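So you can see what is in the structure, the chains are spelled out below.
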Amino acid sequence: MDAKARNCLLQYREALEKDIKTSYIMDHMISDGVLTISEEEKVKNEPTKHQRAAILIKMILKKDNRAYISFYNALLHEGYKDLAALLHSGIPVISSSSGKDSGGGITSYVRTVLCEGGVPQRPVVFVTRKKLVNAIQQKLFKLNGEPGWVTIYGMAGCGKSVLAAEAVRDHSLLEGCFPGGVHWVSVGKQDKSGLLMKLQNLCARLDQDESFSQRLPLNIEEAKDRLRILMLRKHPRSLLILDDVWDPWVLKAFDNQCQILLTTRDKSVTDSVMGPKYEVPVESGLGKEKGLEILSLFVNMKKADLPEQAHSIIKECKGSPLVVSLIGALLRDFPNRWEYYLRQLQNKQFKRIRKSSSYDYEALDEAMSISVEMLRENIKDYYTDLSILQKDVKVPTKVLCVLWDMETEDVEDILQEFVNKSLLFCDRNGKSFCYYLHDLQVDFLTEKNRSQLQDLHKKMVTQFQRYYQPHALSPDQEDGMYWYSFLAYHMASANMHKELCALMFSLDWIKAKTELVGPAHLIHEFVEYSHILDEKDCAVCENFQEFLSLNGHLLGRQPFPNIVQLGLCEPETSEVYQQAKLQAKQEVDNGKLYLEWTNKKTIKNLSRLVVRPHTDAVYHACFSENGQRIASCGADKTLQVFKAETGEKLLEIKAHEDEVLCCAFSADDRFIATCSVDKKVKIWNSVTGELVHTYEEHSEQVNCCHFTNNSNHLLLATGSSDFFLK
């Protein structure tokens, strides 16, 4: 390393060690090839943030100028612009012949090849997705100099074009596999005259000295022949990149012994061409940290300094690079609009999220709708029907067979078209297929077809009623679990109040559903749809909800109790009792025995919910600060978290090696502390159940723990049998 660069690094070493977080900085340096995986592991093994930063800087001091430049660029990428400014004066000059230069690890050879081939530059704000880039490169290596196709496919705005361009920014790949160069063609939606123009432009680029012909090809067939000869004789072993391909017939013009990388929303476009084919699926895929990284680069802030709305915006963007980038670009121009753009996302106002940029579509709704418009006319209505699907719900084929009144094979053929065009996702679990929409697609469809939603839900319920009796559904049916989970939702959304009440106020339905999925989901539905159920009869609704809430600890156990006998224990004025008595009389005629208590309590039970989450004594239970969750712990050594309103279990953690005596939520509800007879205190992530930290500060069992009620500065107090409070 140059003396000037080294001195600069030593001069500001203390400030760097104090401030930087190493993990993402090392990601950049590894992708630049100046840091090895084993060196990364060595840094990660250091116990504190300061020590990790110190050992990383020590490593950089032993490396060359490229390491200094890579470190400087990583600081810029990660939002440490003030620290990068300190190092700016020490940046060494690297000659273009010395391998990699300062342009993000790209050699001058790579830059020249890509520039000549028309490959787009990196976006202004760029975040690496190394796994996907590596996957594309591996498939390109597999072509091994022979003609073939590598397809990058995924839904609108998932970053396919950026990934394709990034995959060829690699010296060894270009030198070893494509010494003839790389040629980029932006295809898009084309008619025959548009495609001919694209081919003419490509032939002109490949034959600039006009050594093969002085006139342009006059039709697609001639252009195809010209392209084949040019690629064979003038540009052998080169790569053709076709960006944004929509139609299979377009590829016929390029099916002439070339090595081709293409991006598309429709993975079936290569079905019509010959040769080896490799696929790289791209889901929208940005994690929370990567999303925040993009926002921080757009608005020129450190990730840690982003406002709290940033986290909500990333959540609402559902991992889409397009949406994150659109929002980031808007916030760069209007830095005070965090709350405004968050509200637009939450209200699904996609038309208002628009920005003229290098992307072909200015607004999110345009990018999404173009794929739907390209569907065949006779299947568009089927896609509209999917507007009523819930987020994160995988729907069995049989449900859609019922909805469309079709044979399984016909339904699967339609759905496969949607899957091929990245409009739907398929999960193949053994023999049965389940289908689901990306969250953004659900939002888009819901907004686009809002006026039709009630009728679509009604169609779903009506079709169900043609096929099934609710309580006669078998749990073994492929679609049984779906109807038990979502029939009430479809009835409520269809405004079918009478049918919903008949379903929810039925002891047969309650028996069938709780036996399969337990009582928590039903209790949730009584709460969710209380405004509808109360319309018919508030008292009846209360009868059923109270019956479920107070007997939930029995209805969730195996063997399943006799629900008719439980119903006979209800007060005689209860609708639950009336239905149970009717059923009991019918079954007594067949020789069954039921008991009816004569000394039933008439005093109203004060309990609103009874659950039995533990297998042994419960020592402590507490509400979260927002009152929506309860944490409990006990002699079975577990920590459990469940919904306060319904008793639905959210977490069950084997928390300690001995009885857990106390648990407590933090003021911001992000953490739960537990303490135990095993003398340990542990902190848990309250959502994921991940262990955050373990303390072994006491010499005897720890009896209680409690957080401060101030979320800005979290402290935990613990009391132990060793006489100490800590």
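Everything quoted here is computed from the prediction, not taken from an experiment.

Trainee: How would you summarise the overall build of the protein chain if you had to cite specific residues and measurements?
Mentor: Broken down by element type, the protein chain carries 31 helices and 18 strands. Dimensions of the protein chain, computed from C-alpha atoms along their principal axes, come out at roughly 105 × 70 × 45 Å. Within the protein chain, contacts between residues separated by at least 24 positions form 60% of all contacts whose residues are at least 6 apart in sequence. Of the roughly 35,300 Å² that the protein chain leaves accessible, carbon and sulfur atoms contribute 49%. Mean positive and mean negative side-chain charge positions of the protein chain (89 and 98 charges, respectively) differ by 4 Å.

Trainee: Account for the state of the cysteines, with residues named and values stated.
Mentor: Under the defined criterion, the tally for this structure stands at 0 disulfides. Unpaired in terms of disulfides, Cys-541 finds its nearest cysteine sulfur in Cys-538, a separation of 6.7 Å. Overall, Cys-541 belongs to the buried group, its relative accessible area being 2%.

Trainee: If you had to explain the environment of Leu-199 to someone new, which residues and values would you point to?
Mentor: Summarising the element assignment, Leu-199 is placed in helix α12 (residues 192-206). C-alpha of Leu-199 to C-alpha of Glu-222: the two residues are 23 residues apart in sequence and 9.8 Å apart in space. Leaving out residues up to four positions away in the same chain, Leu-199 has contacts with Ile-220, Ala-223, Leu-227, Ala-253 and Phe-254.

Trainee: Requested: an account of the UniProt feature "domain: CARD" (unreviewed entry) in the protein chain, with residues and values cited.
Mentor: When the UniProt feature table is mapped onto this chain numbering, "domain: CARD" (unreviewed entry) sits at residues 1-90. The span residues 1-90 shows a helical share of 76% and a strand share of 0%, and its end C-alpha atoms are spaced 10 Å apart.

Trainee: Now, about the sheet that holds strand β13 (residues 660-665): what can you tell me, with residues and values included?
Mentor: Spatial ordering of the open sheet is given by β13-β14-β15-β16, a layout of 4 strands whose pairing is antiparallel. This sheet does not close on itself; its edge strands, each paired only once, are β13 and β16 (691-695). Strand after strand, the sheet turns through a mean of 20 degrees between neighbouring axes, direction not considered.

Trainee: Explain the UniProt feature "repeat: WD" (unreviewed entry) in the protein chain to me, using residue names and the numbers behind them.
Mentor: Those residues carrying the UniProt feature "repeat: WD" (unreviewed entry) are residues 611-652 and 653-694 in this numbering. A helix fraction of 0% and a strand fraction of 52% characterise residues 611-652, whose end C-alpha atoms lie 14 Å from each other. Between the C-alpha atoms that bound residues 653-694 the distance is 14 Å, and the span itself is 0% helix and 55% strand.

Trainee: Summarise the side chain of Thr-263; cite the residues concerned and give the values.
Mentor: Mapped onto the fold, Thr-263 is located in strand β4 (residues 259-264). A polar contact of 2.7 Å, which involves the side chain of Thr-263, links it to the backbone nitrogen of Asp-244. Apart from residues lying up to four places away in sequence, Thr-263 is in contact with Ile-152, Lys-160, Ser-161, Ala-164, Leu-242, Asp-243, Asp-244 and Val-245.

Trainee: Any chance you could break down the pairing of strand β9 (residues 618-623) for me, citing the residues and the numbers?
Mentor: As judged from the 5 bridges shared by β9 and strand β10 (residues 629-634), these two strands associate in the antiparallel manner. Pairing of Ala-621 across the sheet is with Ser-632, part of β10. Between β9 and β10, which pair antiparallel and follow one another directly, the connecting turn spans 5 residues, one of which, Gly-627, has a positive phi of 75 degrees.

Trainee: Could you give an account of the packing of aromatic side chains, with specific residues and numbers?
Mentor: Under the criterion given, the structure shown has 12 aromatic pairs. Relative to Tyr-468, the ring of Phe-464 has its centre 5.5 Å away and its plane inclined at 50 degrees; by these criteria the two rings are tilted. A single burial state applies to Phe-464 and to Tyr-468, both of which are buried. The interplanar angle of 35 degrees and the centroid separation of 5.2 Å between the aromatic rings of Tyr-484 and Trp-509 together place this pair among those described as tilted. Highlighted residues: Tyr-484 in helix α25 (residues 480-493) and Trp-509 in helix α27 (residues 507-517), separated in sequence by 25 residues. Residue Tyr-484 is classed as buried on the basis of its relative accessible area, which comes to 3%. A cation over a ring is seen here: Lys-394 above Tyr-436, with NZ or CZ 5.1 Å from the ring centre. Here Lys-726 stacks its cationic end above the ring of Phe-724, 5.6 Å away from the centre of that ring.

Trainee: Describe unusual backbone geometry, with residues and values.
Mentor: Phi angles above zero are rare outside glycine, and Asp-244 is one such case at about 65 degrees. Positive phi values are uncommon outside glycine, yet Asn-495 reaches one of about 65 degrees. Counting through the fold element by element, Asn-495 comes out in the loop between α25 and α26 (497-504).

Trainee: Explain the sheet that holds strand β12 (residues 649-654) to me, and be specific about the residues and the numbers.
Mentor: The strand order across the open sheet formed by 4 strands is β9-β10-β11-β12, and the pairing between neighbours is antiparallel. Single-partner strands in this sheet number two, and they are β9 and β12. Looking at each pair of strands side by side, their axes are set apart by 15 degrees on average, direction ignored. Pairing analysis gives 5 bridges linking strand β11 (residues 638-643) to β12, with the strands arranged antiparallel.

Cut-offs applied
Residue positions are given per chain, counting from 1 as you read along its sequence in written order. Only residues with pLDDT of at least 70 are given local features in this predicted model, and only at 80 or more are side-chain atom pairs given and counted; all residues enter the totals for whole chains, interfaces and linings. The basis for every side-chain value is the complete set of non-hydrogen atoms in the structure, without hydrogens or water. Helical segments are the DSSP runs of H or I of at least four residues, strand segments are the runs of E of at least two, and each set is numbered from the N terminus. In this analysis, two residues are considered to be in contact whenever any of their non-hydrogen atoms come within 4.5 Å of each other. Accessible surface is estimated by sampling points in the Shrake-Rupley manner with a 1.4 Å probe; for residues, cover comes only from the protein chains shown. As used throughout, the charge tally considers Lys and Arg to be positive and Asp and Glu to be negative, leaving His and the chain termini uncounted. All charge positions are set by atom: Lys at NZ, Arg at CZ, Asp at CG, Glu at CD. The criterion for a disulfide is a pair of cysteine sulfur atoms lying within 2.5 Å. Buried residues are those whose accessible area, probed at 1.4 Å on protein chains only, stays under 20% of the maximum for their type, while exposed residues exceed 50% and partly exposed ones sit between those limits. UniProt positions are given in the numbering used here, feature names are shortened, and annotations may be inferred rather than shown by experiment. At least two DSSP bridges between two strands are required for those strands to pair. Angles here are taken between N-to-C directions and fall from 0 to 180 degrees, while the axes themselves are lines fitted to C-alpha atoms, restricted in helices to the stretch in contact. Any N or O atom pair separated by 3.5 Å or less is treated as a polar contact, with the protein-specific requirement of one donor-capable and one acceptor-capable atom, and with residues adjacent in sequence counted only for side-chain atom pairs. Side-chain rings of Phe, Tyr and Trp (the six-membered ring for Trp) are treated as a pair once their centres are within 6.5 Å; stacked means planes under 30 degrees apart, edge-to-face means over 60, and tilted covers the remaining angles. Placement of a charge over a ring requires the Lys NZ or Arg CZ to be within 6 Å of the ring centre, with the centre-to-atom vector within 35 degrees of the ring normal.

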